[in-house]
Each structure stands twice: as structure tokens, then as C-alpha cells.
Amino acid sequence: YFCRHGERWELQLKGSGKTPYSRNGDGRAVLRSSVREFLCSEAMHYLGIPTSRAASLVVSDDDVWRDQFYNGNVKKERGAIVLRLAKSWFRIGSLEILAHSGELDLLRKLLDFIIQEHFPSIAMNDSNRYLEFFSTVVSETANLISLWMSVGFAHGVCNTDNFSLLSITIDYGPFGFMDSYDPNFVPNTSDDEGRYKIGNQASVGLFNLSKLLQALKPLLDPRQKQLASQILEGYGEHYYSRFTELFKSKLGLLGEHENDNYLIAFLLKVSLLC
């Protein structure tokens, strides 16, 4: 932990080597991807989009072997280590793995810790605290993806392990910004099916939130499960409302008009044809 001005940030090294979570990888990072993460996370911060931050970048003397384009052409590259910061690195996958393995006591303890540390508006003695937590994550995830779309940002790997429970942008890997509007834009060269294309990000967000709900269900009573399902059904409305608000601001549209949404859709279609 790192404290500054009364705030606490969690420090994490990317590219420092193997950890228990490295699976079959070497835990290293190459210089090109480290520079991209450093620059993009700072750019996203100054664009007003919730994100992890980059504190430092150190070039390593170790050689790292990578197949950059996944075409069998493995090359030696310069290694690097990024020190990055976030209020928390807990992800949807952090809860999902505990629920999947049946570790419900640990799941409850971890969830209570996350709520106590990062969701101060939720009372720990509230029997509906997990429901309130889920509702907050649903609305804030919708807000985050709307912000991504407003600047043409595609994350590239939108799985549950890359979706923050604090709804911030984390784990910059094969991300990209659209040069011109294209809902089929895919920044990940290994994503042959376009699963995480930019036009799918809102839907993938819904899928990940459904996985979060599945992980929380063992801790919810029948009434809470029903309410949580209703909250999840409201995700699309949250997203669409925030998306519309952001694009109306870009276009300088004031007030409410029945043709606002039509105009936004029309202009996006025109830009696609250009």
C-alpha cells in the first residue's frame, strides 16, 4: 500500500517474473507493451476515465521471447517492468474463482473486506449489502464502458479477470483507439473471431456482470436473488442513458429532444460510410 494525501493505493509490478498466478507464462513484459501501458493509462486518466495509473517504468537487462503477431515468428525483445497503481486490483474473477471452488466462507470474507475498504456508502450491518454492492458495480461498469466508447477505446481482452470491481480500466494489453468509427474494430491480433471488438464491449460487460451475479448468488437469499436479476436487467438502460449523455455533450446538444438518439445513430452511420 502507498498512502498520499490520505488516500491509499495498491502497488503492483507488471513484468517482474513468475507469480503463483502466472499459469504457464514467464511473468515477464516487453518494453513496447510496457511503454504503451504507461502512456495509455496516463492518457486515460487525463481524459477523465477511471483507470489504473503508471508510477514508473524500468528497462530490464533480461531478454524476453515473444510471438508478437501470433504467427509462429518468435523474437527476442527487451524486457521491462511497470510499477502501476490502483485503489484496488480486485476483479470480477477474484470472486468468481472462489464461488466456483466452493470457498464460500472466504468469498464472504473477501467481499466484506472489499465493501468495507472501497464502498463506504454501504453499511456493513446492512443485510442487503451484497445487493447494494452488485447494484453499484452494475451502474459503474455501464458508466465505464460508455466512457470507453466516447473516446473510441477498445480494451482488447474483456474477460472477467480484466474487469475491475471498482469499475476502473485495468490490465492494458492489446488495447487500441479507433482512428475512424468502426464497430468491428479489434485491437487484439489473436482475437480472430472478434469476440472483444469495440462494438461488443457493452454486451461483454453484461456477460461479465452476469458472471459476477452467479458468484454472488450463494450469499443471497431468494428475494435478493430476484432483485439482483432485476438490477442486472437494468444494465442496458444505464449504459444507453450514459452513452447518449456523453455523445450529446460531444455534439453540443442541449436539453431533451425526441430525435437526439436518431441523430447520434445517424452520425455514427455516416462516419462509418466515410
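Residues numbered from 1 in each chain as written. Predicted model: local features only at pLDDT ≥ 70, side-chain atom pairs only at ≥ 80, totals over all residues. Heavy atoms only, no water.

An unreviewed UniProt entry lists the protein chain under the name Selenoprotein O, with Dicaeum eximium as the source organism. UniProt annotates the protein chain under Sequence similarities (unreviewed entry) with the comment "Belongs to the SELO family." Checking UniProt for the protein chain, the heading Cofactor (unreviewed entry) contains the comment "Mg(2+)". (UniProt positions renumbered as here; feature names shortened; annotations may be inferred.)

Enquirer: Tell me what's going on with the domain arrangement of the protein chain, and back it up with residues and numbers.
Expert: Each assigned domain of the protein chain is listed with its residue range as follows: domain 1 (10-86) and domain 2 (92-251). Of the residues lining the interface, 18 residues belong to domain 1; the matching set on domain 2 comes to 17 residues. Carbon and sulfur atoms make up 63% of the surface buried where domain 1 meets domain 2, a total of about 1400 Å² over both sides. At the boundary of domain 1 and domain 2, one finds 8 residue pairs in polar contact (both at pLDDT 80 or more). (Domains from an automatic or database assignment. Contact = heavy atoms within 4.5 Å. Buried area = accessible area lost by both parts, 1.4 Å probe. Polar contact = N/O pair within 3.5 Å; in protein donor to acceptor, adjacent residues only side chain to side chain.)

Enquirer: Residue-level account of the pattern of salt bridges, with values.
Expert: Counted according to the given criterion, the structure contains 15 salt bridges. The partner of E37 in a salt bridge is R84, with the nearest N and O atoms 2.8 Å apart. One end of the pair, E37, is in helix α1 (residues 31-46); the other, R84, is in strand β4 (residues 75-86), and 47 residues separate them in sequence. With a shortest N-O distance of 3.9 Å, R78 and D61 are connected by a salt bridge. Within this pair, whereas R78 is found in strand β4, its partner D61 is found in strand β3 (residues 53-66), the two being separated by 17 residues in sequence. Among the charged side chains, a salt-bridge network with shared partners connects K14, E37, R84, R91 and D171. (Salt bridge = Lys/Arg side-chain N within 4 Å of Asp/Glu carboxyl O. Helix = DSSP H or I, 4+ residues; strand = E, 2+ residues; numbered from the N terminus.)

Enquirer: Quick rundown of the pairing of β4? Include the residues and the values.
Expert: Sheet topology note: the strand β2 (residues 7-14)/β4 ladder contains 5 bridges and is antiparallel. Looking at β4, one finds that L13 is bridged to L83. Note: β3 against β4, 10 bridges, orientation antiparallel. Bridge pairing links V59 to A80 in β4. (Pairing = 2+ DSSP bridges.)

Enquirer: Which residues make up the side chain of T51, and what values do they have?
Expert: Tracing the sequence through the fold places T51 in the loop between α1 and β3. Reaching out from T51, the side chain makes a polar contact with the backbone oxygen of T169 at a distance of 3.4 Å. When residues no more than four places from it in sequence are discounted, the contact partners of T51 are S41, M44, H45, I168, T169 and Y172.

Enquirer: Would you mind going over the state of the cysteines in detail, with residue names and values included?
Expert: A full pass over the atoms with the stated rule returns 0 disulfides. In this model C40 remains outside any disulfide bridge; the closest cysteine sulfur is found in C158, 13 Å from its own. (Disulfide = S-S within 2.5 Å.)

Enquirer: So what's going on with helix α4 (residues 129-150)? Residues and values would help.
Expert: Taking 1.5 Å as the rise per residue, α4 with 22 residues should run 32 Å; its terminal C-alpha atoms sit 32 Å apart, in good agreement. Of all the 22 residues making up α4, 17 are buried; the element is thus mostly covered by neighbouring parts of the structure. Where α4 terminates, the next one or two residues include G152, which has phi positive at roughly 70°. (Expected span 1.5 Å × (residues − 1). Buried < 20%, exposed > 50% of the residue type's maximum accessible area, 1.4 Å probe, protein only.)

Enquirer: How would you summarise the packing of aromatic side chains if you had to cite specific residues and measurements?
Expert: Going through the model one piece at a time under the given rule, you end up with 11 aromatic pairs. Seen from their ring centres, W148 and F153 are 5.6 Å apart, and the 65° between their planes marks the pair as edge-to-face. Here W148 matches F153 in class, with each residue buried. The interplanar angle of 65° and the centroid separation of 6.1 Å between the aromatic rings of F153 and Y172 together place this pair among those described as edge-to-face. Of this pair, F153 sits in strand β5 (residues 153-154) while Y172 sits in the loop between β5 and β6 (176-177); the two residues are 19 residues apart in sequence, bridging distant segments of the chain. No difference in accessibility class separates F153 from Y172, as the two residues are buried. Following the ring pairs from residue to residue traces out a cluster consisting of W148, F153, F163, Y172, F175 and F177. The side chain of R195 reaches across the aromatic face of F207, ending 5.6 Å from its centre. (Phe/Tyr/Trp six-rings, centres within 6.5 Å; stacked < 30°, edge-to-face > 60°. Lys NZ or Arg CZ within 6 Å of the ring centre and 35° of its normal.)

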